[in-house]
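Structure assessment
Here is how the chains run, residue by residue.
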Amino acid sequence: STGKLIKTLEGHTDRVWNMIKLEGSRIASASYDKTVRIWNILQLKCERIINDQHQMYGMLPVSKSLLLTGNWSGRLKLWDISGNNPTTCIKSIQTYSGYEIFAIIVTKLNQFVCSSGYNIEIIDLDKGPLKHFKAHTMIIRDLLYIESGNRLLSSSADMNIILWNLDNLQPIRTFTGHKSWVDKLILYDDKTFASSSSDSSIKIWELETGKLARTLSHEKGWVKPMCILKDGTLVSSGESHKIYFWK
């Protein structure tokens, strides 16, 4: 309500690439320093550190005690983050493509889907990669699951966003309009979604028609982080070092 800075959580030694909410009062942050840190927001402290040989990007909480990460070498790792025991990797899965994993999602059918370079892969945590297909011509930056119709949105450095049918792995429609990498996707409401890009813009799209509903412009540089507040306000940030609130 005031915009006052409450606390800065320090510990990473390089740029923070991704951040997700975990159960309870915890969040996870992935950094270029090859670590993921688990933070307790109420206590304002780091509870544990996950170390890897490669930079980690994609993250997905599988349960309260398990975190799935994807790294630069195209490997998924399942980590036990429960209790006070040292964090351990309990499973490691090499993707078929073997490229950097920027995004991981889980479907209503409990299928795990990840990006790997310009490919999308369907993963079974016990059996490994089940299916894979080339989805874009450049690196996939984000994935967004649409539960209605079991569909998937993918965004890429090729400047395109594609809506996929996960039942047959066929494209439904392509959203074009960005002039640079499309970095982040979020659902705006039941009928629209937002995409942020390195072209300094956020675009609001109609999911069922592919129509561009609105363009929001930052002053300069890339735009990546986005979230929707309970009152429908869209919050974004980027290279301009400012936080924007959009109605």
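This text goes with the structure placed above it.
In this convention, every chain numbers its residues from 1, walking through the sequence in written order. In keeping with the model being predicted, local features are shown solely for residues with a pLDDT of at least 70 and side-chain atom pairs are shown and tallied solely at 80 or more, while totals for entire chains, interfaces and linings include all residues. The side-chain quantities take in all heavy atoms of the structure and omit both hydrogens and water.

On to the pattern of salt bridges, then. Should a side-chain nitrogen of Lys or Arg be within 4 Å of a carboxyl oxygen of Asp or Glu, the pair is scored as a salt bridge. Taken as a whole and judged by the stated rule, the model has six salt bridges. Residues lysine 184 and aspartate 142 are paired through a salt bridge, measuring 4.0 Å at the closest nitrogen-oxygen approach. Of the two residues, lysine 184 sits in strand 17 (residues 182-187) while aspartate 142 sits in strand 13 (residues 140-146), which places them 42 residues apart along the sequence. A relative accessible area of 23% means that lysine 184 is categorised as partly exposed. Secondary structure elements are taken from DSSP: a helix is a run of H or I of four residues or more, a strand is a run of E of two residues or more, and numbering for both begins at the N terminus. With a 1.4 Å probe rolled over the protein chains alone, any residue whose accessible area is under 20% of its type maximum counts as buried; one over 50% counts as exposed, and the rest are partly exposed.

Through backbone hydrogen bonds, the strands of a sheet pair up, either in parallel or in antiparallel fashion. Note on pairing: two strands pair once DSSP finds at least 2 bridges between them. The strand order across the open sheet built from four strands is 9-10-11-12, with neighbouring strands paired in antiparallel fashion. A single partner strand is all that each edge strand has here, and the edge strands are strand 9 (104-106) and strand 12 (128-134). Pairwise comparison of adjacent strand axes, ignoring direction, gives a mean angle of 25° for this sheet. Sheet topology note: the strand 10 (residues 112-116)/strand 11 (residues 119-124) ladder contains five bridges and is antiparallel. Bridged to serine 115 within strand 11 is isoleucine 120. The axes used here are C-alpha line fits, helices contributing only the stretch in contact, and every angle between their N-to-C directions lies in the interval 0 to 180 degrees.

Let us look at the packing of aromatic side chains. For this analysis, a ring pair means two rings from Phe, Tyr or Trp (six-membered ring only for Trp) whose centres lie within 6.5 Å, classed as stacked if their planes differ by under 30 degrees, edge-to-face if by over 60, and tilted for the remaining angles. On inspection of all chains with the given rule, the structure shows ten aromatic pairs. Their ring planes at 40° and their centres at 6.2 Å tell us that tryptophan 17 and tyrosine 32 sit as a pair that is tilted. Of this pair, tryptophan 17 sits in strand 1 (residues 16-21) while tyrosine 32 sits in the loop between strand 2 (26-31) and strand 3 (35-40), and the two are 15 residues apart along the sequence. The exposure class assigned to tryptophan 17 is buried, which follows from its relative accessible area of 13%. Charges are assigned to positions over rings by a cutoff of 6 Å between ring centre and Lys NZ or Arg CZ, combined with an angular limit of 35 degrees from the ring normal. Taking the ring centre of phenylalanine 102 as reference, the NZ or CZ of arginine 141 above it sits at 4.8 Å. Note that lysine 224 overlies the ring of tryptophan 17, its terminal NZ or CZ placed 4.6 Å from the centroid.

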